[in-house]
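Listed below are the residues making up each chain.
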Amino acid sequence: MATIITEPATITRWGDVQHSLSGGGDGADCQCIWPVVRNKVWQTTTVEQRRDMLHGEIAAGPPPGLIAYVDGEAAGWIRVGPRTVQQRILHTRAIASTTTEALDDESVWAVTCFVVRQEHRAQGLNARLLASALDYARESDARMIEAYPVDTSTGSHRSNDLYHGTVSTFLAAGFERGPDLTAGRVLMTRGLAD
């Protein structure tokens, strides 16, 4: 049986962050910068600029995500952190008009991205990453976590569209299903009080 652990995405693990993001899907091109910039910035940046932005964010700390390791190999990534630093969330009308939490509340965190290398899919890494993200947020004094996953119970979905995670993964982790944001996307929340 494989040994799976998670670790914070620190600058000393930069190579592992890149390995996690480059195993299929859009992670290598996105560099998980999409959640933290407005659309105008996103559309005018290159992959190299996005990589530099992520490098700078990780170097400045605190870690904006976690890395999953399978038998010592970097295999997956989750972005989790204060919602206030994830600019796309704050400026997405569907989220801003649906959340019941003040947008400037730094105690509200968000999970906005999962990436799992193709060879490590179907091993439950998203669930492990999410469980570790809950612990990380709690240890960082977050009060609540929001997420905006895809409801895969209806319709068909390309694997590249599932980087938000799936409703079933969040339900299994104790999140409550909230209102629909758009067709196929749902607001989900979990309080972190023990």
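Refer to the structure printed above.
A short tour of the structure in this document, coming up.

We now examine the overall build of the protein. Across its full length, the protein carries 8 helices and 7 strands. Its C-alpha radius of gyration of 16 Å places the protein within 12% of the 16 Å reference for a compact globule of 194 residues. Seen along its three principal axes, the alpha-carbon backbone of the protein occupies a region of about 40 × 40 × 35 Å. A burial count over the protein gives 46% of its 194 residues as buried. Charge separation in the protein, taken as the distance between the mean sites of 18 positive and 23 negative side-chain charges, equals 6 Å.

Looking now at the nonpolar core. Counting residues in hydrophobic clusters, the biggest one holds 28 residues, and the most contacted among them are I78, V111, L130, I145, F170 and F175. Elements with a contribution of two residues or more to this core: strand 2 (65–70), strand 3 (73–82), strand 4 (108–116), helix 7 (125–139), strand 5 (144–147), helix 8 (167–172) and strand 7 (185–191). W14, V17, C32 and Y69 belong to the second largest nonpolar core, which has 18 residues in total.

Its location among the elements puts E106 in the loop between helix 6 (93–96) and strand 4. Beyond its immediate sequence surroundings of up to four residues, E106 is in contact with P82 and T84.

Before going further, it helps to spend a moment on the side chain of E101. Take E101: it is sitting in the loop between helix 6 and strand 4. Once residues lying within four places of it in the same chain are set aside, the contact partners of E101 are R83, V108, R143, M144 and E146.

Rules used throughout
Residues numbered from 1 in each chain as written. Predicted model: local features only at pLDDT ≥ 70, side-chain atom pairs only at ≥ 80, totals over all residues. Heavy atoms only, no water. Helix = DSSP H or I, 4+ residues; strand = E, 2+ residues; numbered from the N terminus. Rg over C-alpha atoms; globule rule 2.2 N^0.38 Å. Buried < 20%, exposed > 50% of the residue type's maximum accessible area, 1.4 Å probe, protein only. Lys, Arg positive; Asp, Glu negative; His and termini not counted. Charge placed at Lys NZ, Arg CZ, Asp CG, Glu CD. Core = buried A, V, L, I, M, F, W, Y, C linked by side-chain atoms within 4.5 Å. Contact = heavy atoms within 4.5 Å.

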